[in-house]
Amino acid sequence: MIEQDQLSNSGLHRNLRRPVVWVVTALSIGIVTDHFSSLSLPVWGGLFVVSTLVALISLPFQRCSFVASLATLLLLVAVGGGRNQFFHHHRQADNILRYSTEESRSARVSGVIVSSLDLYESERGPRIPSWLEVDNSRFVLKCERLQAGDEWKTVSGRLSVDVKGHLVHARIGDRIELLGKLSRPQPVRNPGGYDFQTALSRQGIDGLFRVSHPQAVQVLEDSGPFRWLIPRYRETTRLRIKQLFVQNLSEDSCRLALSLLLGDRTQLQDEMRDRFVDSGTMHLLAISGLHVGILAGLITIVCRVFEFSPRTTITSLILIVILYAMLTNHRPPVLRASMLITVICLGTAGNRRIDPYSALAFCAGILLLWNPGNLFDIGAQLSFLAVGGIVWSSRALEANPFRAQSLGVPVAEEWRWVGRLSPVASYLYQGYVVTSAIWLVTLPLTVATFHLVTPIGFVLNALLIPYIGVVLGLGYFFLFCGLLIPSLTLLVGGLFDWSMQGLLWIVDWAHHVPLGHFYCGATPVWWLVVYYLLIAWNWNLYGSRQFVHGRWKVLSVWIMVGFAIGLQTPQRDGLRYTVLSVGHGLATVLELPGGETVLYDCGTFGDGRRAERTVEQYLRLQKISHVDAVMISHADHDHFSGLFKLFERFSIGTLIVTQQFLDFEQSNVEEVCTAAAMHGIPIRIVSADDEIGFQKTGDAVQFKVLHPSSSFHSKYDNANSLVLSLEYAGHRMLFTGDLERDGVEAVLRKSTEPFDVVMAPHHGSKFSSPQQFFEWANSSIVLISTGDASVVARLQDQLGPDIRVFATQNSGALTVEIKADQPLHVTPFLEQ
């Protein structure tokens, strides 16, 4: 009884000094549980009812207060799980999802535009085919009807619509009819790949709809002018601002200003985005607390200059910040910053002390109830962590020795030399203390997500704050003048443009600083979970008076554990060959038992960035930073278009090609050889009967070139493909590139032993895969890298039931594993 009394008097409920934090924690547990489980909405409803009854029954009894607190937390867990279930999984019976498949199908749909119409400018450059240099209009459609045959069916749900070209005759709130291709978002198809399907689901989007031309979009009527009055005014204002930028700023400044002031990154080219990423300043392009905070500071200064009353100042702050959040399409970081400033202003007006962690938790709770998917949004996560880090650093800021000297407070002898530099030193001390706190809480998540560390960003960001304040201040004043005082637009626009050019120069310089950024492998999820639990403990989020000593030491030890994990090199106990899913193209990774890594082709049809990202994500997942050899089978764009960025981000040992590949009349061939030379990558030319060896692996793996010979020359690039045989642990594999025509005939003239695995030539094309070739290879397994799902059935019919056929379009990435004294094993990624 005594122990029970002690539990009730000093137990859980006595330590709930930040109840809002506990509420948000419970909501988050419910959301995460629902995300990783198959619990239905009735289960969450049952838990809610039971928890509510237990809490109500226990509440009047003092000895049962602990039970009441626990039941209340379970109730909130049920609310979080139920809300996530309803938002992501609870769909009506007529949802558009039931009429769509992963393969796109022609369809006619009508509905209402419920989002901004964003224009995405296409990437342009020598490696982008001209037919891909088409801008796209994108918006969200709330579905109402779908044409099935000759009749229309009522449907529900939302589609992400992509229209090729500029859609100028429709606007938000219009009821429209579209003719195009309907499909479901595809699941993750490669290890370490981006989960586009889940990302759309978190936004409440059920499918994709692609329209080939704006004329295939017909406006039927206005769905309700009063309902869409405010969103349309917002879109009109955004359009006026964009026109203002185009008329008064240089091209690069215009692109940057759209992102910096409106949160519109649709016009950003990859090159500019990469510079900001590599310089550690990417956060400037995502409107967050920094932007809103500077805006709030400027408003406060203006109000003081005009001697507004405190109440008028607070009212102005709240109204302008809310309007700015609406103008920037109320993304989670902006909403967080706007709500936080609003809470602080209301607390100040009421002479209430605001606990920063509780205020932050309150904002998080609102965002989670609005959209539970925000819990998994990397931008929202980093935004909240950064603000939490700033709050955490407040104690160190109070101990600023430079500030003490500037105030005339007695300080230690070793600090007296600062003298007149104390204001500057004080700023630098504060800036780097805050930056250190932010880095400590955000860096592990950044590394886990983007595999990037930017030391130059740590140095630069604290120094940039005053300049960013000037840039944003000029930008906000430019918006004000452009909308209300047009006569000043030219002058202020010129100043703003110069400031933007200066920012771009700084970012470009930081991008090229040696060792200013580097890439690294993935961070284990379990280590991250424990790390952020320790961060919460160090922040004392839950106000507990227990276990407060030694928190820093435990966190430091765990950080060292993380470093030790990062330095470890994964051990290989065999050979692994992975054919990644890149559509119509080829990108394969060979991981040899000695630790070497080889790429055989890396490209895709059209925009090679798909292959580039896919291979990079896979290599980061496997903690591979060095590629010993890159082999290019032949001179087709879809076999090497993804290599260029990989040359920059990984160390490459050797580029292996054939003499036939070196046709410099093809601009892409010259470009890839130039890129290799720029990065110091030696080029090795091979031909038939050459053997390729690797030092650590030795003779355990034998590579032999089968084709082409030095004397073979075909007018067809595909026929010149580099054909390799690989032998390891008694198993043989054959790599064929796009071999066809006279190239196939040349290979068939060679004698060979049976192969266990064969890559189907030319993506399984019926013109490149004659029956004679497969009879010659005598393989039991055929792999196909293709974007055509019908190839599997055709080849299976051709080869018969005894041959196993796998294609990346049907099965995702294909992994072949060979271990000594074990049978060869093929694992399709989508069937794991």
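Residues numbered from 1 in each chain as written. Predicted model: local features only at pLDDT ≥ 70, side-chain atom pairs only at ≥ 80, totals over all residues. Heavy atoms only, no water.

A look at the overall build of the protein chain
No. 1: When helices and strands are tallied, the protein chain shows 27 helices and 25 strands.
No. 2: Relative to the globule expectation of 28 Å for 832 residues, the C-alpha radius of gyration of the protein chain, 30 Å, shows essentially globular dimensions.
No. 3: A principal-axis box enclosing the C-alpha atoms of the protein chain has dimensions of 90 × 70 × 65 Å.
No. 4: For the protein chain, with 832 residues in total, the buried portion stands at 51%. (Helix = DSSP H or I, 4+ residues; strand = E, 2+ residues; numbered from the N terminus. Rg over C-alpha atoms; globule rule 2.2 N^0.38 Å. Buried < 20%, exposed > 50% of the residue type's maximum accessible area, 1.4 Å probe, protein only.)

A few points about the sheet that holds strand β21 (residues 757-759)
No. 1: With mixed pairing, the seven strands of this open sheet are ordered in space as β17-β18-β19-β20-β21-β22-β23. Only two strands of the sheet have a single partner each, and these edge strands are β17 (691-692) and β23 (804-807).
No. 2: In this sheet, strand β19 (residues 723-728) lies alongside strand β18 (residues 701-707) in antiparallel orientation, the contact comprising six bridges. Each bridged residue has a counterpart across the sheet, and for Val705 the counterpart in β19 is Leu724.
No. 3: Of the strands in this sheet, β22 (781-784) and β23 touch helix α26 (residues 791-799), which is tilted by about 165° from β23. (Pairing = 2+ DSSP bridges. Contact = heavy atoms within 4.5 Å. Axes fitted to C-alpha atoms, helices over the stretch in contact; angles between N-to-C directions.)

Some remarks on the state of the cysteines
No. 1: Counting across every chain of the model gives zero disulfides.
No. 2: Here Cys481 stays unpaired: no disulfide links it, and the sulfur of Cys303, its closest cysteine neighbor, is 17 Å away. (Disulfide = S-S within 2.5 Å.)

Structural notes on the packing of helix α11 (residues 332-349) against helix α12 (residues 356-370)
Between two packed helices, both the angle of their axes relative to each other and the distance between the axes serve to describe the pair.
No. 1: Look at α11 against α12: their axes get within 9 Å of each other, and the N-to-C directions meet at 135°. Comparing the axis directions of α11 and α12 gives the class oblique. For the crossing formed where α11 meets α12, the hand is right-handed. Contacts between α11 and α12 involve Pro332, Leu335, Arg336, Met339, Leu340 and Val343 from the former and Ala359, Leu360, Phe362, Cys363, Ile366, Leu367 and Trp370 from the latter.
No. 2: Split into classes, the residues belonging to the contact of α11 with α12 amount to 12 nonpolar, no polar and one charged. (Parallel < 35°, antiparallel > 145°, perpendicular 65-115°, else oblique. Left-handed = near helix turned anticlockwise from the far one by under 90°. Nonpolar A, V, L, I, M, F, W, Y, C, P; charged D, E, K, R; others polar.)

Some thoughts on the layout of surface pockets
Left-over empty space is what a probe sized like a water molecule reveals as it rolls over the atoms.
No. 1: Considered as a void within the structure, the second largest pocket measures approximately 1300 Å³ in volume.
No. 2: For the second largest pocket, the lining is made up of 49 residues, of which Gly521, Gly566, Leu567, Gln568 and Lys623 are closest to its centre.
No. 3: Where the lining of the second largest pocket is concerned, the elements lending two or more residues are α16 (422-450), α19 (525-539), α20 (551-567), β11 (574-579), α21 (609-621), β14 (626-631) and β24 (814-819).
No. 4: Broken down by class, the residue content of the lining of the second largest pocket amounts to 22 nonpolar, 16 polar and 11 charged. (1 Å grid on protein atoms, 1.4 Å probe; cavity = no way out; pocket = protein on both sides within 12 Å on 5 of 7 lines; lining within 4 Å. Points joined across faces, edges and corners; volume = space filled by probe spheres on them.)

Quick look at the packing of aromatic side chains
No. 1: This structure, assessed with the given rule, holds 21 aromatic pairs.
No. 2: Ring geometry for Phe755 versus Trp776: centroids 6.1 Å apart, planes at 45°, classification tilted. Of this pair, Phe755 sits in the loop between α24 (742-748) and β21 while Trp776 sits in helix α25 (residues 771-777); the two residues are 21 residues apart in sequence, bridging distant segments of the chain.
No. 3: Pairwise contacts between aromatic rings join Trp526, Trp527, Tyr531, Tyr532 and Trp558 into one cluster.
No. 4: Above the plane of the ring of Phe384 lies Arg336, whose end atom (NZ or CZ) is 6.0 Å from the centre.
No. 5: Against the face of Phe755 rests Arg732, its NZ or CZ located 4.2 Å from the ring centre. (Phe/Tyr/Trp six-rings, centres within 6.5 Å; stacked < 30°, edge-to-face > 60°. Lys NZ or Arg CZ within 6 Å of the ring centre and 35° of its normal.)

Description of the environment of Gly698
No. 1: Here Gly698 lies in the loop between β17 and β18.
No. 2: Taking the relative accessible area as the measure of exposure, Gly698 reaches 26% and is therefore partly exposed.
No. 3: Gly698 sits 105 residues away from Pro593 along the chain, and the two C-alpha atoms are 9.7 Å apart.

A few points about the pattern of salt bridges
No. 1: Evaluated as defined, the whole model comprises 27 salt bridges.
No. 2: With a shortest N-O distance of 2.9 Å, Glu616 and Arg649 are connected by a salt bridge. With Glu616 in helix α21 and Arg649 in helix α22 (residues 644-649), this residue pair connects regions lying 33 residues apart in the sequence.
No. 3: The class for Glu616 is buried, based on a relative accessible area of 10%.
No. 4: In this structure, a network of salt bridges that share partners links the residues Asp274, Glu616, Arg620, Lys645, Glu648 and Arg649. (Salt bridge = Lys/Arg side-chain N within 4 Å of Asp/Glu carboxyl O.)

What about unusual backbone geometry?
No. 1: Cis peptide bonds are those with omega within 30 degrees of zero, and the linkage from His707 to Pro708 qualifies with 5°.
No. 2: One can find Pro708 in the loop between β18 and β19.
No. 3: One non-glycine residue with positive phi stands out, namely Asp601, at about 70°.
No. 4: Relative to the elements of secondary structure, Asp601 occurs in strand β13 (residues 597-604).
No. 5: Even without glycine at this site, Lys623 takes up a positive phi of about 60°.
No. 6: If you trace the backbone, Lys623 turns up in the loop between α21 and β14.

Regarding a nonpolar patch on the surface
No. 1: Together, Phe48, Val49, Leu53, Ile57 and Phe61 give the surface a local cluster of nonpolar side chains, amounting to about 490 Å² of exposed area.
No. 2: Within the secondary structure, Leu53 sits in helix α3 (residues 41-58). (Patch = residues over 30% accessible without salt bridge, like charges linked within 9 Å, V, L, I, M, F, W, Y side chains within 5 Å. Areas by Shrake-Rupley, 256 points an atom, 1.4 Å probe, with all protein chains shown as cover.)

As for the pairing of strand β4 (residues 151-154)
No. 1: Inspection of the sheet shows strand β3 (residues 136-148) paired to β4 by four bridges, in the antiparallel sense. The partner of Ala148 across the bridge, within β4, is Glu151.
No. 2: Joining the antiparallel neighbours β3 and β4 is a turn of two residues, in which Gly149 adopts a positive phi near 70°.

As for the packing of helix α9 (residues 289-305) against helix α10 (residues 310-327)
No. 1: Relative orientation of the contacting elements α9 and α10 amounts to 145°, with a least axis distance of 10 Å. Seen from above, α9 lies across α10 with right-handed handedness. Together, Val292, Leu295, Ala296, Ile299, Thr300 and Cys303 of α9 and Thr313, Ser316, Leu317, Ile320, Val321 and Tyr324 of α10 make up the contact between the two elements.
No. 2: Split by residue class, the contact of α9 with α10 holds nine nonpolar, three polar and no charged.

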